[in-house]
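Residue-level structural notes
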Amino acid sequence: MIDFARVQKELQECGREKDSSGIRVSPKSDNLARLTGIIPGPLGTPYEGGSFEIDITLPDGYPFEPPKMKFVTKVWHPNISSQSGAICLDILKDQWSPALTLKTALLSVQALLSAPEPDDPQDAVVAQQYLREYQTFVGTARYWTESFAKASSLGVEEKVQRLVEMGFPDGLVRSTLEAVGGDENLALEKLLSS
């Protein structure tokens, strides 16, 4: 049976510290077994400036069993499925301890964004790109962050449409935007110079 008193306490702790950590956890409804976590993208990474939503389901054995977490926000990362959002992280599996909390689990997920482990991938395609074409990986990860993790930024389709209206071919616009991490001004400069 889930220890709901502990879950309430953990939610209060996250609420008190959300300004300093940037990590937020809230119930999806009255059911405390279904939660939503938000983590900021770590500074100095392609995920910087993004806000990433994580779906959290607490199993009946929580806190003696790990929470089930997966990204709702699309992420380009070797240890996160680009299709399903599944996360490959030891503390969410066999290295979980009841001493850990939702906040420490989310901090670990955030740390994983900073330090990918391509030798133990969740997404083999992304891991291969990370190992063989690192700059392409960084550009793609930045582009995905711009496209899916920044609420304030314009959607990719609006950027594509504006650049296509300037007379550039759709495919070239999309590949150029991806290469520059979604920055519309840089894409325009690159398109004009080609």
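Bear in mind the structure is a predicted one, so any value in this text is a computation, not a measurement. (Residues numbered from 1 in each chain as written. Predicted model: local features only at pLDDT ≥ 70, side-chain atom pairs only at ≥ 80, totals over all residues. Heavy atoms only, no water.)

This part is about the UniProt feature "active site" (unreviewed entry) in the chain. Sites flagged by UniProt as "active site" (unreviewed entry) map to Cys88. Accessibility expressed as a relative area gives 15% for Cys88, which makes it buried. If we skip the residues at most four places from it in the chain, Cys88 touches Asn79, Lys93, Leu112, Asp120 and Gln122. (UniProt positions renumbered as here; feature names shortened; annotations may be inferred. Buried < 20%, exposed > 50% of the residue type's maximum accessible area, 1.4 Å probe, protein only. Contact = heavy atoms within 4.5 Å.)

The next point concerns the pairing of strand β1 (residues 24-27). Here β1 runs beside strand β2 (residues 34-40); their pairing, made up of four bridges, is antiparallel. Bridge assignment links Ser26 to a residue of β2, and that residue is Thr36. Taking the residues that link successive antiparallel strands as the turn, the β1-β2 hairpin has six residues. (Pairing = 2+ DSSP bridges. Helix = DSSP H or I, 4+ residues; strand = E, 2+ residues; numbered from the N terminus.)

Scanning the entire structure with this criterion turns up eight salt bridges. The salt bridge partner of Glu146 is Lys150, with a shortest N-O separation of 2.8 Å. A salt bridge links Asp170 to Arg174; the shortest N-O distance between them is 2.8 Å. Residue Asp170 and its partner Arg174 are located together in helix α6 (residues 170-179), separated by four residues, close to a single helical turn. Owing to a relative accessible area of 29%, Arg174 belongs among the partly exposed residues under this scheme. Because the salt bridges share partners, they merge into one network encompassing Lys28, Arg34 and Asp55. (Salt bridge = Lys/Arg side-chain N within 4 Å of Asp/Glu carboxyl O.)

Turning next to the side chain of His77. For His77, the location among the structural elements is in the loop between β4 (68-71) and α2 (102-114). There is a polar contact of 2.8 Å between the side chain of His77 and the backbone oxygen of Leu112. With sequence-adjacent residues up to four places away left out, His77 is seen in contact with Tyr47, Leu112, Leu113, Pro116, Asp123, Val126 and Phe137. (Polar contact = N/O pair within 3.5 Å; in protein donor to acceptor, adjacent residues only side chain to side chain.)

For the rest of this paragraph, the subject is the environment of Leu92. Within the secondary structure, Leu92 sits in the loop between β4 and α2. Using a relative accessible area of 10% as the deciding quantity, one classes Leu92 as buried. Placed 76 residues apart in sequence, Leu92 and Arg16 show a C-alpha to C-alpha distance of 24 Å. Filtering out sequence-adjacent residues up to four positions away, Leu92 remains in contact with Pro66, Pro67, Met69, Ile87, Ala105 and Val109.

Paired through their backbone hydrogen bonds, the strands of a sheet run either parallel or antiparallel. On the basis of which strands lie adjacent, the open sheet formed by four strands has the order β1-β2-β3-β4 and antiparallel pairing. At either end of the open sheet lies a strand with only one pairing partner, and these are β1 and β4. Neighbour to neighbour, the strand axes of the sheet diverge by 25° on average, direction disregarded. Bridge count for strand β3 (residues 51-57) against β4 is four bridges, and the pairing is antiparallel. Within β4, the position partnered with Thr57 by the bridge is Lys68. Together, β1 and β2 form the strand contacts of helix α1 (residues 4-21), whose direction differs from that of β1 by roughly 145°. Helix-sheet contacts for α2 involve β1, β2, β3 and β4, and the interaxial angle to β2 is about 45°. (Axes fitted to C-alpha atoms, helices over the stretch in contact; angles between N-to-C directions.)

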